[in-house]
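A structural walkthrough
Residues per chain, in single letters:
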Amino acid sequence: MTFLRLIVVFFLTFCVVPSGANASTTDPAATDTRFKSGLAATSRGDYSTAIAIYLSILAEDPNLTRVRLELALAYFLSEQWNRSRSEFFKVLSGDIPEPVRQKVLTFIAEIDARRGFELDFEFGLKKLGSTRNYDTDQIELDFFGIPIPATLDRSSKTTYGVGYSVSALWRKSLNRLSTKDRRVIGFAEVFSFGDISDEKSFRDVTLGARGGARLVFPRTTVVFSPVVSTRFIADEHFEDRLGLETAFETRNSQAVSVFGSISGFKLNNKFDDTFSGHTVNARFGVRRSFLGRNTVGIAIFAETKSTDRDIDTFDIAGLEAFGSFDAGAGFVIEPQVYFAVKSFSETNPLFFGNPDEDQYGLRLRIEKRDTILGNGLIPYVEGSYNRVKSGIDAFSYDETTIEVGLTNEF
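Our subject in this report is the structure included herewith. (Residues numbered from 1 in each chain as written. Predicted model: local features only at pLDDT ≥ 70, side-chain atom pairs only at ≥ 80, totals over all residues. Heavy atoms only, no water.)

1. Brief notes about the packing of helix H5 (residues 65-77) against helix H6 (residues 81-91)
The geometry of a pair of packed helices is captured by two quantities: the angle between their axes and the separation between those axes. Short version of the rule: Angles here are taken between N-to-C directions and fall from 0 to 180 degrees, while the axes themselves are lines fitted to C-alpha atoms, restricted in helices to the stretch in contact. Helix numbering and strand numbering both begin at the N terminus, where a helix is a DSSP run of H or I of at least 4 residues and a strand a DSSP run of E of at least 2. When an angle is under 35 degrees it counts as roughly parallel; over 145 it counts as roughly antiparallel; between 65 and 115 it counts as roughly perpendicular; any other value is oblique. The hand of a helix crossing depends on one turn: near helix anticlockwise from the far one by less than a right angle means left-handed, and clockwise means right-handed. Working rule for contacts: check all heavy atoms of both residues, and any pair within 4.5 Å makes them a contact. Note on residue classes: Ala, Val, Leu, Ile, Met, Phe, Trp, Tyr, Cys and Pro are nonpolar, Asp, Glu, Lys and Arg are charged, and everything else, Gly too, is polar.
The contact between H5 and H6 brings their axes to 8 Å, and the two run at 155 degrees. For the element pair H5 / H6, the angle class is roughly antiparallel. Of the two elements, H5 crosses H6, and the hand of that crossing is left-handed. On H6, the residues touching Thr65, Arg68, Leu69, Leu71, Ala72, Leu73, Tyr75 and Phe76 of H5 are Trp81, Arg83, Ser84, Glu87, Phe88, Lys90 and Val91. Taken together, the residues of the contact of H5 with H6 sort by class into 9 nonpolar, 2 polar and 4 charged.

Spelled out as C-alpha cells, the structure:
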C-alpha cells in the first residue's frame, strides 16, 4: 500500500471533525468562551475535559500558543508526562515572554523529576508474517569456487494480528542523594511489546524490566539504567538480554535540545548458542521546535553486534531525520526518514558475493488528537517502507508495513 493510499485510508477512517469545529474561524468570542471553560475545568481538577477542550481549539487553529501552554499544563496535572513534555517543548518556540519561557523550562525539569506511577500503552491491527518482497529467490552457492545455482525456500505465509506495547513505571525521589541543583529520582519499569495472533507461529513477544536513577539538573537530564529482557517467538523461549542503558538531554530557552544514548547488551540465544554474543548501540542528535507547534530533529546512530555467526556479526552506521507537525484539524503527523550502511565482519563462505547492505526507508505516523474514544484513547495509523540493497541480490528486498490502532491520551 502506497503512503498516499495510507493517508486516504486514515482520513476516511478517522477524520471525524467535532461539532462546532469551525467556530473559531467565524466567531472568536465562541473560542474564547470555550477556552475559559477549559481553564475552569483545569481549576476544578477535571483535566480530561480540559484536555478535550484545548485539543478541539487547537484542531481549528494550531497556532494558539496560549492554548497549547494550557494543554501542556493540563497534561502535566493529569500526569501524562510524555505528552506534557512534548507540548511544553513546542511552546518554547512560540511567541511567549522570557519569564514564561523560563517557567516552561522549569516544568520540563519537573517532568523529568516526576514521581509516582505511570501507565502507557498502544495496540493496533497489522499484517504479520512474510512482509518482505525479495528481489529474487535465486542464489549462487560456492562449491569449491564453482557457482551452483539454487533456490531459497522462503515462507510466504501471512496473517493479521495485533502489535502492542505497554509499560508501567514507578518513580521515587532519592532525597539523600539530591542537592539544591541536582535531583536524583529512582525508577523501576516493567514493559512488554511485540505481536500477537491466534496462530502460534506468528507470535513474537518481549518482556522486560529496567530500573535505575535519573539525575535532573535545571537544563540537563541524565539517566542510568540496567535492563533485562526475554523474547519468545512462537511461544518458545528465544533470547535473553542483559545490559545497561545511559542517556542524556540538555535543552535551552531557544527550543533547542541536544540528546544522546548508549546501550550495551549481552545476548543469550536459547535456540542456537552460536547466535549468542553482545551488541552495542549509540544515538546522538539535536532537535528544535518552531512556530510553537512543530518539532524537527536529526540524529546519527550506530550499532555493532558480535556473535559466532558471520551472518549475525556486523556494524551499522546511519543518519535519520524526524519531525512532529501539528497539521490542524486535530492531525499530528510524525515522519521519519533514514539511511544506513551495514557491513558484515566476514563474507559467508556458502555464497558468492558481498553481503554488505545499503538501507534506507521512511516511517509515517498520524494521530487524530482531538478524536478521543472511550476512556482517553486516540486513533493512529502508522506506515513504513524500508529498502535493503545487498551485494547478494537474494538478500535485497522491499518491505512495507501498516498499522492502525489506538494509544492512550490520558
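2. Description of the side chain of serine 384
So the rule is basically this: Each residue is placed in one exposure class: buried if its accessible area under a 1.4 Å probe, protein chains only, is under 20% of its type's maximum, exposed if it is over 50%, and partly exposed if it falls in between. As used in this structure description, the phrase polar contact means that two N or O atoms lie within 3.5 Å; if the pair is within protein, one of them must be able to donate a hydrogen and the other to accept it, and residues adjacent in sequence are counted only when both atoms belong to side chains.
Here serine 384 shows up in strand E16 (residues 377-390). Classification of serine 384 as buried rests on a relative accessible area of 14%. Only 2.5 Å separates the side chain of serine 384 from the side chain of threonine 401, close enough to count as a polar contact.

3. A closer look at empty space enclosed by the protein
Quick reminder of the rule: Think of a 1 Å grid over just the protein atoms. A cavity is a set of points where a 1.4 Å probe fits yet cannot get out, a pocket is an open set with protein on both sides within 12 Å along at least five of seven lines, and lining residues have an atom within 4 Å of a point. Grid points are joined across faces, edges and corners, and a volume is the space filled by probe spheres set on the points.
Taken as a whole and assessed by the stated rule, the structure comprises 1 cavity of 30 Å³ or more. The volume enclosed by the largest cavity comes to roughly 80 Å³. Lining the largest cavity are Leu55, Leu58, Ala59, Arg68, Leu71, Tyr75, Glu87, Asp326, Gly330, Val332 and Arg369. Those elements giving two or more residues to the lining of the largest cavity turn out to be helix H4 (47-60) and H5. The class makeup of the residues in the lining of the largest cavity is 6 nonpolar, 1 polar and 4 charged.

4. Brief notes about the pairing of strand E5 (residues 158-173)
For the record, the criterion: Note on pairing: two strands pair once DSSP finds at least 2 bridges between them.
Pairing of strand E1 (residues 116-129) with E5 involves 14 bridges; the strand directions are antiparallel. Within the sheet, the bridge partner assigned to leucine 119 lies in E5 and is alanine 168. Bridge count for E5 against strand E6 (residues 183-196) is 12 bridges, and the pairing is antiparallel. In the strand pairing of E6, tyrosine 164 is matched with glycine 194.

5. Concerning unusual backbone geometry
A positive phi angle, near 65 degrees, is found at glutamate 79, a position not held by glycine. Along the chain, glutamate 79 falls in the loop between H5 and H6. A relative accessible area of 38% means that glutamate 79 is categorised as partly exposed. Non-glycine residue alanine 255 carries a positive phi angle of around 70 degrees. With respect to the element layout, alanine 255 can be found in the loop between strand E9 (236-251) and strand E10 (256-269). Residue classification places alanine 255 among the buried residues on the basis of a relative accessible area of 0%.

6. What about the pattern of salt bridges?
Where side chains of opposite charge bring their charged atoms close, a pairing between them can arise. Basically, it comes down to this: For this analysis, a salt bridge means a side-chain nitrogen from Lys or Arg found within 4 Å of a carboxyl oxygen belonging to Asp or Glu.
Enumeration according to the criterion identifies 41 salt bridges in this entry. With its nearest N and O atoms 3.1 Å apart, the salt bridge here joins lysine 305 to aspartate 312. Here lysine 305 matches aspartate 312 in class, with each residue buried. Note that glutamate 367 is salt-bridged to arginine 365, the shortest N-O span being 3.0 Å. As far as the burial class goes, glutamate 367 and arginine 365 line up, both buried. Because the salt bridges share partners, they merge into one network encompassing Arg68, Arg83, Glu87, Lys90, Glu122, Asp326, Glu334, Arg363, Arg365, Glu367, Arg369 and Glu382.

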